[in-house]
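Single-letter residue listing:
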Amino acid sequence: MVLLRSVFSMDSCLFCKIIEKKIPSSIVFEDELCIGFKDINPIAPTHVLFIPKKHIESLNDIISSDESIVGHILGVVSRYAKEQNLDKTGYRVVNNMGKDGGQTVFHLHFHLVGGKSFGWPPG
Ligand code: 5GP
Ligand code: ZN
């Protein structure tokens with residue numbers, strides 16, 4: 001049942017289609033485990049979404065073998081931010097989980113936003 005649900009989700013998942021290049025996007029990074037692509041509705045001069053190639057619905061759905069993928073993605077984000085010189089000024093990495101977290105696309109993703117100053121706490 002869990003497997004069936006996961007296969008069904010992948011079939012209808014927007015970000016899986018971006019990974020498969022069935023939907024166009026501006027990909028800025030790709031390796032065997034993840035891709036990074038520009039957000040279609042940027043909230044900052046830099047706004048890139050980093051996602052695992054494996055379909056995982058949210059941070060709430062990771063299993064222990066996914067933890068290395070999440071760690072890998074954060075390493076990729078850190079290196080990408082340095083390449084963009086964002087490390088000098090700072091940046092924010094955001095994961096929205098579920099309804100109260102504001103998640104709208106149910107394929108795990110980390111927003112890298114930078115190039116402007118953000119307030120705290122978020123709204
Ligand atoms: P969430 O609210 O789930 O954390 O973030 C989803 C993000 O996906 C939003 O920032 C939204 O702008 C972005 N997004 C939604 N649809 C597309 C799309 O088709 N292409 C791209 N590049 N980004 C998208
Ligand atoms: Zn997916």
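Coordinates for the structure precede this section.
Predicted model, so just to flag it, every value in this text is computed and none were measured.

Criteria and thresholds
Residues numbered from 1 in each chain as written. Chains lettered and ligands numbered in written order. Predicted model: local features only at pLDDT ≥ 70, side-chain atom pairs only at ≥ 80, totals over all residues. Heavy atoms only, no water. Donors = N, O, S within 2.8 Å, 3.2 Å for Na, K, Ca; no water. Tetrahedral: all angles 85-135°; square planar, octahedral: opposite > 155°, others 65-115°. Buried < 20%, exposed > 50% of the residue type's maximum accessible area, 1.4 Å probe, protein only. Core = buried A, V, L, I, M, F, W, Y, C linked by side-chain atoms within 4.5 Å. Helix = DSSP H or I, 4+ residues; strand = E, 2+ residues; numbered from the N terminus. Contact = heavy atoms within 4.5 Å. 1 Å grid on protein atoms, 1.4 Å probe; cavity = no way out; pocket = protein on both sides within 12 Å on 5 of 7 lines; lining within 4 Å. Points joined across faces, edges and corners; volume = space filled by probe spheres on them. Near = heavy atom within 4 Å. Polar contact = N/O pair within 3.5 Å; in protein donor to acceptor, adjacent residues only side chain to side chain. Areas by Shrake-Rupley, 256 points an atom, 1.4 Å probe, with all protein chains shown as cover. Sits in = over half its atoms within 2 Å of the grid points. Nonpolar A, V, L, I, M, F, W, Y, C, P; charged D, E, K, R; others polar.

Moving on: the coordination of the zinc ion (ligand 2). Those protein atoms acting as donors to the zinc ion (ligand 2) are Cys13 (SG), Cys16 (SG), His55 (ND1) and His107 (ND1), and they sit at 2.0 to 2.3 Å. Angles of 104 to 116 degrees at the metal separate the four donor atoms of the zinc ion (ligand 2), which places the site in the tetrahedral class. Each donor residue of the zinc ion (ligand 2) lies on the same chain, and together they follow the pattern C-x2-C-x38-H-x51-H. The two residues Cys13 and Cys16 agree in class, both being buried.

Residues Phe50, Ile73, Val77, Tyr80, Leu108, Phe110 and Leu112 are the most contacted members of the largest nonpolar core, which totals 15 residues. For this core, the secondary-structure elements that each account for two or more residues are β3 (46-52), α3 (67-83) and β5 (110-114). For this core, the element with the highest residue contribution is α3, accounting for seven residues. When near neighbours in sequence (up to four residues on either side) are disregarded, Leu112 contacts Thr46, His47, Val48, Phe50, Val77, Tyr80, Ala81, Leu86, Tyr91, Arg92 and Val93.

So, about the layout of surface pockets. Looking at the largest pocket, its volume works out to about 650 Å³. The wall of the largest pocket is formed by 30 residues, among which Asp39, His47, Leu49, Asn96 and His111 lie closest to the centre. Elements with a minimum of two residues in the lining of the largest pocket: α2 (14-19), β2 (34-38), β3, β4 (91-94), α5 (98-101) and β5.

Contacts to ligand 1 come from 16 residues, most closely from Asp39, Asn96, Thr104, His109 and His111. For ligand 1, an oxygen atom lies 2.7 Å from a polar atom in the backbone of Thr104. Interatomic distance of 3.0 Å between a backbone N/O atom of Val105 and an oxygen atom of ligand 1. When ligand 1 is considered free in solution it has 520 Å² of accessible area, and contact with the protein chains removes 83% of it. Taking a 2 Å distance to the grid points as the criterion, the majority of the atoms of ligand 1 fall inside the largest pocket. Among the elements of the structure, α2 and β2 are those that each provide at least two residues to the shell around ligand 1. With three residues, α2 is the largest single contributor of residues to the shell around ligand 1. Of the residues contributing to the shell around ligand 1, the split by class is seven nonpolar, seven polar and two charged.

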